[in-house]
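Here are the chains, one letter per residue:
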Amino acid sequence: MKIRCVWEHNGSDSLLYSDNYVGAFTRGETKDIALSKMADEIKSYLRWKNDLTLETFEIEIVQEKHSKLNIGDADSDVLFDTEKGEIDLIEYQELKALALRSAQDFLVLYESIPDKNRSCLPTRQTFYGPIPRTAFEMYEHTKNVNSYYFGEIGVDVDNEGTILDCRTRGFELLEECSDFLNNNIFEGSYGEEWSLRKVLRRFIWHDRIHAKAMYRMAVKTFGVDVIPNIFQFII
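K.L.:
So what's going on with helix α6 (residues 196-222)? Residues and values would help.
P.N.:
Taking 1.5 Å of rise per residue, 27 residues should cover 39 Å, and α6 covers 39 Å from first to last C-alpha, within 8% of that figure. G223 occupies a position one or two residues after α6 and carries a positive phi of about 75°.

K.L.:
So what's going on with helix α1 (residues 31-48)? Which residues, and what values?
P.N.:
Because each turn of an α-helix spans 3.6 residues, side chains separated by three or four positions in sequence point in the same direction. In this model α1 runs 25 Å from its N-terminal to its C-terminal C-alpha over 18 residues, within 8% of the 26 Å that 1.5 Å per residue would give. The largest bend in α1 comes to about 35°, at M38. Of the residues making up α1, those classed as buried are A34, M38, E41, I42, S44, Y45, L46 and W48. On its buried face, α1 sits against β1 (2-9), β2 (14-18), β3 (25-28), β4 (58-66), α2 (89-112) and α6.

K.L.:
Provide a residue-level description of the pattern of salt bridges, including the pertinent values.
P.N.:
Evaluated as defined, the whole model comprises 15 salt bridges. A salt bridge links R201 to E83; the shortest N-O distance between them is 2.7 Å. Residue R201 is found in helix α6, and its partner E83 is found in the loop between β4 and α2; the two are separated by 118 residues along the sequence. Pair check on accessibility: R201 and E83 agree, each one buried. Put simply, D105 and R101 hold a salt bridge, and the shortest N to O gap is 3.6 Å. Taken together, the residues D105 and R101, both in helix α2 and 4 residues apart, mark about one turn of the helix. Within this structure, E41, R208 and K212 form a network of salt bridges that share partners.

Parameters at a glance
- Residues numbered from 1 in each chain as written.
- Predicted model: local features only at pLDDT ≥ 70, side-chain atom pairs only at ≥ 80, totals over all residues.
- Heavy atoms only, no water.
- Helix = DSSP H or I, 4+ residues; strand = E, 2+ residues; numbered from the N terminus.
- Expected span 1.5 Å × (residues − 1).
- Bend = angle between axes of the 7 residues up to and from the residue.
- Buried < 20%, exposed > 50% of the residue type's maximum accessible area, 1.4 Å probe, protein only.
- Contact = heavy atoms within 4.5 Å.
- Salt bridge = Lys/Arg side-chain N within 4 Å of Asp/Glu carboxyl O.

Next up, the structure:
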């Protein structure tokens, strides 16, 4: 099976995304390190989706973006070539279902943490502020991109309720727009380009980043595997 990858980098750190396994990604100090992780990432992604796990993969880089952002902190602004052009209803419904399932699974993960305000992780600062350390901080950060992501494609929604509640509400408001399947390109904040396909991918990708971080933090902090079986995809 071919894994089509988009390579975003700033000359050193690399983010590698699959454009045909939406939301799957790896990071590395070099492209080769990120590439070396991709097969395992796809296997874990397929386990999460309850799809058959493939044994062999052919990795192909189909797009490259040189970024000025801090890629090491998973800061990204790339718009995939495949995230342009109209989206049909079947594709939209499939990606929407995956984004909602991702939110539901993230909520289950968060609710499984015994103490949501306890963490053994050290404080770490980035250009954008402190990295979330506790389950509560990770959850709030992940939930609260809802209004930002939808807002970048012209949908005015808040972050009230659970991560699943506010994401569901965002899709409901999106679908009130008669032309939403046109998948128009929007110039959003800081000159970054956005589309509906990009929003769908970013939700799954962003959940995945912070689900992995929350899992690792919980194991280090509590000394036991507190994660439900649905989180095979994190391990």
